[in-house]
Amino acid sequence: MNTGANGIACRVCHSQSEALWTGTLLKRHAVRYFECTSCGYIQTESPYWLEEAYADVINASDTGIMSRNLGNARIVFATLLALGQMKASVLDYAGGYGILVRLLRDIGIDALWSDRYCRNLLARGFEFSESSQGKAITLVTAFEALEHFVSPTEELETMFSISPNVLLSTKLLPLNAPAFEDWWYYGAEHGQHIGFFRFQTLEFIAKKFSKVLISDGDSYHLFVEGRCSDVKWRFLKKSRLFLPLLIWASARLGSRTWSDHLLQAGKTK
Ligand SMILES: [Zn+2]
């Protein structure tokens, strides 16, 4: 589209994005930020520093990686229950080292891994590949990935082509955009976060892909096709329910820890 001298096209909805301010990433790049006048998405200028930012894919300041994955396993499980599809297959689209896939498989969930930018360390043998294309995936998950995507709409298009339901996590911007120095999520020290969503941005995505949006209004957002109870999802993802649900699920599903070992070791029993 035709944008003004101080604007660029929004990477989500392609409307006009207006210049906001400049922030310093990786201590040396003065980066311009823009705010979409239509969907509220805030984005950096075209990111030229990513090779440097991803010298280490998992950034060194990410100390929350393990506790976050434990929490995410709980939320995936809650989502499958809310969808009424506990035995369904899940693809972790931005699977990183494979921590979440391994945790889900330990619970008994048929989870697969994919990630174009990270090496699978913990879920080897359970990659989503050409051969698994025929498999029905009921839920695609992408935790802490949306804010990294250079082309978020295209990535979402790929995710929705794999599954009718997508569960995402990304921290939503407050209504008034915080100054660059006032919000840790801009990620000045690692430079990997290049786009920031508002609730209205998610609403735009839901409409574009004809999905129903269920969001906790903060970090977790679920796009579903058809019916899914908002109330049930919120209730099931409460942490105090996890242990009793886990015990119940273990009896119903059966952990895949040992059967996966046998499969990977090439043994039959
Ligand atoms: Zn936009």
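A brief report on the enclosed structure follows.

Calculation notes
- Residues numbered from 1 in each chain as written.
- Predicted model: local features only at pLDDT ≥ 70, side-chain atom pairs only at ≥ 80, totals over all residues.
- Pairing = 2+ DSSP bridges.
- Helix = DSSP H or I, 4+ residues; strand = E, 2+ residues; numbered from the N terminus.
- Buried ≥ 20, exposed ≤ 12 C-beta atoms within 10 Å, placed from the backbone.
- Axes fitted to C-alpha atoms, helices over the stretch in contact; angles between N-to-C directions.
- Contact = placed C-beta atoms within 7 Å.

1. So, the sheet that holds strand E3 (residues 29-36)
Turning to step 1, where the next piece is worked out: Strand order in the open sheet formed by 5 strands is E1-E2-E3-E4-E9, with antiparallel pairing between adjacent strands. The sheet is open, and its two edges are formed by strand E1 (7-9) and strand E9 (195-196), each paired on a single side.

2. Looking at helix H7 (residues 242-253)
Turning to step 1, where the next piece is worked out: Burial within H7 is sparse, with just 0 of its 12 residues counted as buried.
Turning to step 2, where the next piece is worked out: At the C-terminal side of H7, Gly 254 shows a positive phi close to 85°.

3. Concerning the pairing of strand E11 (residues 220-224)
Turning to step 1, where the next piece is worked out: Most of E11 is tucked away: 5 of the 5 residues are buried.
Turning to step 2, where the next piece is worked out: Neither face of E11 is exposed, since Tyr 220, Leu 222 and Val 224 on one face and His 221 and Phe 223 on the opposite face are all buried.
Turning to step 3, where the next piece is worked out: Alignment of strand E10 (residues 212-215) against E11, held across 4 bridges, turns out to be antiparallel. Across the sheet, residue Val 212 finds its bridge partner in E11, namely Val 224.
Turning to step 4, where the next piece is worked out: Remark: 4 residues form the turn of the hairpin made by E10 and E11, two consecutive strands paired antiparallel; Gly 217 in that turn has positive phi of roughly 75°.

4. Brief notes about the environment of Arg 116
Turning to step 1, where the next piece is worked out: Counting through the fold element by element, Arg 116 comes out in the loop between strand E6 (110-113) and strand E7 (137-143).
Turning to step 2, where the next piece is worked out: On the basis of neighbour count, Arg 116 is assigned to the exposed category, with 7 C-beta atoms found within 10 Å.

5. Quick look at the sheet that holds strand E5 (residues 89-92)
Turning to step 1, where the next piece is worked out: The 6 strands are arranged E6-E5-E7-E8-E11-E10 in an open sheet whose pairing can be described as mixed. Strands with a single pairing partner mark the edges of an open sheet, and in this sheet they are E6 and E10. Taken pair by pair, the neighbouring strands of this sheet meet at an average axis angle of 20°, ignoring direction.
Turning to step 2, where the next piece is worked out: Pairing of E7 with strand E8 (residues 166-169), which is carried by 4 bridges, proceeds in the parallel orientation. Residue pairing for E8: Phe 143 is matched across the bridge by Ser 169.
Turning to step 3, where the next piece is worked out: Packing of helix H2 (residues 65-82) onto the sheet brings it into contact with E5, E7, E8 and E11, and relative to E7 it is tilted by some 150°.

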